[in-house]
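Inside the fold
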Amino acid sequence: MSAYNRRAVIIVLDGVGIGQAPDAALYGDVGSNTLGNLARAVGGLRLPNLERAGLGSIAPLKGVAVVSKPTGAHGLLVPASAGKDSTTGHWEIAGVHLKKPFPTYPRGFPKDVLAEFSRRTGRAVLGNIAASGTAIIDRYAEEHQRTGAWIVYTSADSVFQIAAHEETIPLDELYRACEEARRMLVPPHDVSRVIARPFIGTPGHYARTAHRRDFSIQPPAETLLDALADAHVPRAGVGKVDDLFAGRGITATHGADNAAGLALILSWLRGKDDGFLFANLVDFDQLFGHRNDVSGFHEALRQLDAAVPDLLAAMREDDLLFVTADHGNDPTTPSTDHARECVPLLALGKRVRPGSIGRRQTFSDLGATVAEWFGITFRGRGQSFLRMVVS
């Protein structure tokens with residue numbers, strides 16, 4: 001079979017780290033261990049399918065046994081790129097490293113930046129603080145609806161977030177404002193992402209909608225997606241992956257939640273398309289990590305685990321399925337922000353040789369492995385481990 005008729009899937013569990021990275025102290029994240037601390041907090045994880053795949057062999061996890069004959073290959077990826085956000089993590093998987101993190105604004109954005117944004121969009125600005133998205137909407141939504149001003153805020157991550165009520169400012173106008181902000185935010189204010197945060201509701205009952213969109217900065221170097229595009233290998237996405245790469249080399253279908261994302265992944269596996277599928281399941285991070293929702297995080301993992309048998313049954317002989325993450329977001333720590341963590345790696349498929357992939361020194365080894373699977377020379381900043389996992 002031609003390498004171009006093969007398929008590979010990477011599923012990124014957004015925020016599902018598995019222990020502090022060696023340089024966690026530089027990021028204020030000593031002690032963060034998303035899966036490990038979560039396992040202790042719930043009295044043991046109940047993930048039988050991921051357990052059989054080898055999850056318990058990556059790191060000690062209460063409730064997850066080390067199985068003698070796993071169904072998949074397992075390993076751990078150490079972050080090498082500077083930063084701990086989704087863009088940095090996905091870019092590193094795709095072979096790109098950053099020398100320094102994207103800029104952050106714990107005290108809000110400079111006045112001249114907001115003045116220029118207001119001038120370009122024709123609306124005033126409220127907020128300009130680092131805050132939880134739900135909290136800032138509760139605080140400013142009534143004034144926003146009365147005045148029509150944007151709610152602009154940030155977090156500990158490198159993001160310029162714009163919230164607007166869908167009945168006050170149409171979605172198309174919100175998206176245009178985000179595009180304008182993306183064009184405006186150049187060095188030294190080149191934030192990783194501009195994020196549209198639409199919401200609906202009435203005072204005391206506001207809720208964010210599924211119409212979020214991310215507007216990422218362009219990757220500064222060739223990515224796995226670029227290389228696959230040049231080789232005419234088909235590429236598809238599920239979730240925010242297209243936004244994280246500024247639409248370069250990939251288009252994606254966005255589901256409302258993890259359940260929808262898993263359904264889209266299963267549909268692709270059951271379909272006739274060849275090539276590469278890059279998927280992000282964001283609920284772990286967006287709904288549970290940032291809100292320190294321990295039980296919700298565990299339930300989302302159980303939902304994923306329950307989907308594994310159907311995913312495996314849909315795979316062809318020459319399919320590879322990788323499950324990993326982009327950073328940590330430990331719901332058990334006082335912080336509500338991302339954590340500098342290593343991430344788990346599971347490799348599944350009919351041709352996968354069960355066993356250890358080991359401790360890899362960059363997420364980019366995964367992208368290099370996918371490139372070799374498709375028979376292209378791209379390796380980015382990684383080294384392929386394909387021969388360790390494929391029989």
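First, a word on what this report is: a plain description of the structure on this page. Just so we're clear, the structure is a prediction, and the values are computed from it rather than from any experiment.

What counts as what
- Residues numbered from 1 in each chain as written.
- Predicted model: local features only at pLDDT ≥ 70, side-chain atom pairs only at ≥ 80, totals over all residues.
- Heavy atoms only, no water.
- Helix = DSSP H or I, 4+ residues; strand = E, 2+ residues; numbered from the N terminus.
- Rg over C-alpha atoms; globule rule 2.2 N^0.38 Å.
- Buried < 20%, exposed > 50% of the residue type's maximum accessible area, 1.4 Å probe, protein only.
- Contact = heavy atoms within 4.5 Å.
- Areas by Shrake-Rupley, 256 points an atom, 1.4 Å probe, with all protein chains shown as cover.
- Lys, Arg positive; Asp, Glu negative; His and termini not counted.
- Charge placed at Lys NZ, Arg CZ, Asp CG, Glu CD.
- Expected span 1.5 Å × (residues − 1).
- Phe/Tyr/Trp six-rings, centres within 6.5 Å; stacked < 30°, edge-to-face > 60°.
- Lys NZ or Arg CZ within 6 Å of the ring centre and 35° of its normal.

**Structural notes on the overall build of the protein chain**
Of the regular secondary structure elements, the protein chain holds 13 helices and 14 strands. Relative to the 2.2 N^0.38 estimate, which gives 21 Å for 391 residues, the radius of gyration of the protein chain is 20 Å and therefore close to what a compact globule would have. Overall, the protein chain is about 65 × 50 × 40 Å in size when its C-alpha atoms are taken along their principal axes. Scored against the burial criterion, the 391 residues of the protein chain give a buried share of 59%. Long-range pairs, those at least 24 residues apart, make up 68% of the contacts in the protein chain between residues at least 6 apart in sequence. For the protein chain, the exposed surface amounts to about 15,300 Å²; the carbon and sulfur share of it is 51%. The centroid of the 42 positive side-chain charges in the protein chain is displaced by 4 Å from the centroid of its 43 negative side-chain charges.

**Comments concerning helix 12 (residues 364-373)**
Of all 10 residues making up helix 12, nine are buried, and the element is well covered by its neighbours. Looking at helix 12, one finds that the buried residues are Ser364, Asp365, Leu366, Gly367, Ala368, Thr369, Val370, Ala371 and Trp373. Downstream of helix 12 by one or two residues, Gly375 has phi in the positive range, about 75 degrees.

**A few points about helix 6 (residues 171-184)**
Counted at 1.5 Å a residue, the expected span for helix 6 with its 14 residues is 20 Å, and the 20 Å between its end C-alpha atoms agrees. Of the positions making up helix 6, those classed as buried are Glu173, Leu174, Tyr175, Ala177, Cys178, Glu180, Ala181, Arg182 and Met184. Looking at the packing, one finds that the buried side of helix 6 touches helix 4 (111-121), strand 4 (150-154), strand 5 (159-165), strand 6 (193-200) and strand 8 (213-216).

**Describing the packing of aromatic side chains**
If you walk through the whole model with that rule in mind, you get 10 aromatic pairs. Centroid distance Phe284 to Phe297: 5.8 Å. Interplanar angle 40 degrees. Geometry classified as tilted. Remark: Phe297 occurs in helix 11 (residues 294-313) and Phe284 occurs in helix 10 (residues 283-289); sequence separation between them is 13 residues. Each member of the pair, Phe284 together with Phe297, is buried. Connected via pairs of aromatic rings, a cluster forms that spans Tyr105, Phe109, Phe117, Trp150 and Phe160. In this arrangement the basic side chain of Arg123 is found over the ring face of Trp150, its NZ or CZ atom lying 5.7 Å from the centre. Taking NZ or CZ as reference, Arg213 lies 4.9 Å from the ring centre of Tyr175, over its face.

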